[in-house]
Number of protein chains: 2
Amino acid sequence: MTDLGGRHVWIDGRIEPAHVPHISAFDRGFQLGDGVFETLRARGGRPTELPEHLARLRRSATGLDIDLGPSLERDIEAGIAALLAAEGLAGPTGDASVRITASRGAFAGRGLLPPEQPRPTVVIQAWPVPPTPRDHLERGLHLAVSAVRRDPASPLAALKTTSRADYVYARLEARRAGADDALFLTTDGRLSEATSANIFLVRGQELATPALDCAILPGTTRSWILGWAGAAGLAPVESSLAASDLAAADEAFLCSSVAGILPVTRFEGAPIGAGVPGPWTLRARAAREAFIAAPAG
Amino acid sequence: MTDLGGRHVWIDGRIEPAHVPHISAFDRGFQLGDGVFETLRARGGRPTELPEHLARLRRSATGLDIDLGPSLERDIEAGIAALLAAEGLAGPTGDASVRITASRGAFAGRGLLPPEQPRPTVVIQAWPVPPTPRDHLERGLHLAVSAVRRDPASPLAALKTTSRADYVYARLEARRAGADDALFLTTDGRLSEATSANIFLVRGQELATPALDCAILPGTTRSWILGWAGAAGLAPVESSLAASDLAAADEAFLCSSVAGILPVTRFEGAPIGAGVPGPWTLRARAAREAFIAAPAG
């Protein structure tokens, strides 16, 4: 792991070098994907929408019956500040992606049932955000449908767990298909989300996105966009959408905390709308980037 | 992790103390459940059906596009021997459960796409097998249906990945329902499997189990039982089964590599057959335990 040399990680209250071992092989995060996570952006040392991300981390953990303890929010806030400083990403020009991972912790026993008194492992990592690839902005993203389907009835559908093999698989599958990302459908055939982003469709003056019952993660950027749309003159609609709705949209875009808003210009090999990034997409992206740069402004 | 004191783990070719950190927080196994595993039993230092488990580990890894390298089988065989010796489980009375975990390894970057040249992390753990709880043998297991459903069309349905949050959830759900284990149905309503075991139904002279297209793991013990049944005078049948078939069965049992064959006597609160462990179940269990004790005999 020479490429981790000189870098750091925050783990359970301490800053440690990134290139050494940190985690027990007995950790249930490593053994069973028994954990939850959040990824967010920090500009100028300021984490964007941290309370929203921490609230979702708690909800995900509670969904798995993992008790993250009373001081989590305080610890994470201090941990992010310390890690960004250690990584040289806390200054006014710093632009970082931050990942918070919380597993159920190490377990001397075996099997799926957790120990009576688990002690969660909490990790924070940070990376500089590279410039968005020109292709992603000028050409737009190409999406392909994944063979993996999401079950809207699953009690874990809205939990951001570290059991992500499905998503890794779909991302590799998309690359094999020559696409930039995969789009999940639900087991009952509705649009769900991309591997790490929510999807929006512009249809006339309407901005449509799969509703919360479509096996999506309730994205923080998704919520922000739904608020922005009304003010910008687009009617926000959360509903059940079909793949044919995406194919017939005027514009489409993905949104996530780190990458922000990115245009989608092809779906299953065919152009969406004019096949170029649409005007509403670019307007939304600019508004979101401005918000991230100066959330209070 | 004081309860790991004095114990050992094998990791990437070395025996290490169990209570120290072994794994990078950047390991994709910890971050994303991006790994595969196997669990098997070793009696008298002899791993049961090791070639079958190693073949399935390879298949699971290949399904996720993880290349485990050419020396895996040799390394694991030597590693199990070294670890069982270190743990005092290699002697003639040793009875161990052994877990092999292989993740895609540490990754300095972020996101779902793996690095170009991943270096997998391979871990072996061993535990003494405790005596089977008397309740499990004399009273039998009680099963409840999980709210988690398995998609038989998923490309990952037959892969034993470390993305196990669904299974942990189901196991906790079963405990809340007062049951010993959860039973998954498929998204199209057929019987699938328990959280870490395959299921069999005795119906007259027939021994039925969900077919491979029912989103099950192709268990090594399941295969062994299908071979044993014919010789023992039961007709083995792999098919699509409904929850009502389980409720109406004469007997039912679960099977897995470590726990072997365990009777199922209640399903969703109602007795199966006479509500006590059935004669075919006990016969199958005895035959399997004899095989594990002396596989060549």
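Just above sits the structure.
Note that the structure is predicted; figures quoted are calculated from it, not measured.

Digging into the relation of the copies chain A and chain B
The relation between the two copies of this chain is a rotation about an axis and a shift parallel to it.
Logical step 1: Take chain A, turn it by 180°, move it 0.0 Å along the axis, and it overlays chain B with an RMSD of 0.0 Å. As the rotation angle and translation indicate, the two copies are arranged about a two-fold axis.
Logical step 2: Mapped onto chain B, 100% of the interface residues of chain A again fall at the interface, so both copies present the same surface.

Re the environment of L246 of chain A
Residues and elements named next belong to chain A.
Logical step 1: Along the chain, L246 falls in helix 7 (residues 243-247).
Logical step 2: Here the alpha-carbon distance between L246 and D213, two residues 33 residues apart in the chain, equals 18 Å.
Logical step 3: Once residues within four sequence positions are removed from consideration, L246 is found in contact with L183, L191, I199, L201, A252, F267 and I272.

Considering the interface of chain A and chain B
Logical step 1: With 67 residues of chain A at the interface, the matching set in chain B holds 67 residues.
Logical step 2: Looking only at chain A, the three residues that lose the most surface to chain B are F26, F30 and L112 of chain A, adding up to 14% of its buried area.
Logical step 3: At the boundary of chain A and chain B, one finds 3 salt bridges.
Logical step 4: For the salt bridge of E116 of chain A with R175 of chain B, the shortest nitrogen-to-oxygen distance reads 4.0 Å.
Logical step 5: Joining chain A to chain B, the criterion identifies 27 residue pairs in polar contact (both at pLDDT 80 or more).
Logical step 6: Secondary-structure elements contributing two or more residues to the side of chain A that touches chain B are strand 1 (8-11), helix 1 (28-32), strand 5 (95-103), strand 6 (121-128), strand 7 (141-150) and helix 5 (165-176) of chain A.
Logical step 7: The element best represented in the side of chain A that touches chain B is helix 5 of chain A, accounting for 8 residues.

Brief notes about the sheet that holds strand 4 (residues 46-47) of chain B
Residue and element names in this part refer to chain B.
Logical step 1: Taken together, 6 strands build an open sheet; the order of strands is 2-1-6-5-3-4 and the sheet is antiparallel. The outermost strands of the open sheet, each flanked by one partner alone, are strand 2 (14-17) and strand 4.
Logical step 2: By the bridge criterion, 9 bridges tie strand 3 (residues 35-43) to strand 5 (residues 95-103) in an arrangement that is antiparallel. If you follow R41 over to strand 5, its bridge partner there is S97.
Logical step 3: Relative to the sheet, helix 2 (residues 50-63) contacts strand 3, strand 4 and strand 5, its axis offset from that of strand 3 by approximately 175°.
Logical step 4: Its contacts with the sheet place helix 8 (residues 279-293) against strand 3 and strand 4, and it is angled at close to 90° to strand 3.

Overview of helix 3 (residues 72-86) of chain B
Residue and element names in this part refer to chain B.
Logical step 1: Compared with an ideal rise of 1.5 Å per residue, which puts 15 residues at 21 Å, helix 3 spans 20 Å between its outermost C-alpha atoms and is within 8% of the ideal.
Logical step 2: Residues of helix 3 that are buried include every one of L72, I76, G79, I80, L83 and L84, and no others. Down the axis, helix 3 shows its buried residues gathered within 125° of arc, on one side only. In helix 3, the exposed positions that point more than 90 degrees away from the buried face belong to R74, E77 and A85.
Logical step 3: Positive phi shows up at G88, right after helix 3, with a value of about 70°.

Description of the sheet that holds strand 5 of chain A
In sheet architecture, strand pairing relies on hydrogen bonds along the backbone and comes in two forms, parallel and antiparallel.
All names here are of chain A.
Logical step 1: Spatially, 6 strands are ordered 2-1-6-5-3-4 in an open sheet, and the strand pairing comes out antiparallel. Each edge of the open sheet is held by one strand with a lone partner, namely strand 2 (14-17) and strand 4 (46-47).
Logical step 2: Across 2 bridges, strand 1 lies against strand 6 in antiparallel orientation. Opposite I11, over in strand 6, you have V123 as the bridge partner.
Logical step 3: Packing against the sheet, helix 3 (residues 72-86) makes contact with strand 1, strand 2, strand 3 (35-43), strand 4, strand 5 and strand 6, and its axis sits at approximately 35° to strand 6.
Logical step 4: Packed onto the sheet, helix 8 (residues 279-293) meets strand 3 and strand 4 and runs at close to 90° relative to strand 3.

Parameters and conventions
- Residue numbers run consecutively from 1 along every chain, following the written order of its sequence.
- Each chain takes a letter, starting from A, and each ligand takes a number, starting from 1, following the order in which they are written.
- Thresholds applied to this predicted model are a pLDDT of at least 70 for local features of residues and 80 or more for the giving and counting of side-chain atom pairs; totals over whole chains, interfaces and linings are not thresholded and use all residues.
- For side-chain calculations, the full set of non-hydrogen atoms in the structure is used, while hydrogens and water are omitted.
- Alignment of copies: least-squares fit on C-alpha atoms of residues with pLDDT of at least 70 in both copies.
- Throughout, a residue-residue contact means that at least one pair of heavy atoms, one from each residue, lies within 4.5 Å.
- Secondary structure elements follow DSSP: runs of H or I no shorter than four residues count as helices, runs of E no shorter than two count as strands, and numbering proceeds from the N terminus.
- Note on terms: buried area is the combined drop in 1.4 Å-probe accessible area of two parts once they are placed together, counting the loss on both.
- Here a salt bridge means any side-chain nitrogen of Lys or Arg lying within 4 Å of a carboxyl oxygen belonging to Asp or Glu.
- We define a polar contact as two N or O atoms separated by no more than 3.5 Å, with the added condition that, inside protein, one atom must be a possible hydrogen donor and the other a possible acceptor, whereas residues neighbouring each other in sequence contribute only through side-chain atom pairs.
- Pairing between strands is defined by DSSP: at least two bridges between them are needed.
- Only the contacting stretch of a helix is used when fitting its axis, a line to C-alpha atoms as for every element, and angles between N-to-C directions run 0 to 180 degrees.
- Multiplying 1.5 Å by the helix residue count minus one yields the expected span of that helix.
- Any residue under 20% of the maximum accessible area for its type is buried, any over 50% is exposed, and the rest in between are partly exposed; the area is computed with a 1.4 Å probe on protein chains only.
- By definition, the arc is the one covered by directions from the helix axis to the C-beta atoms.

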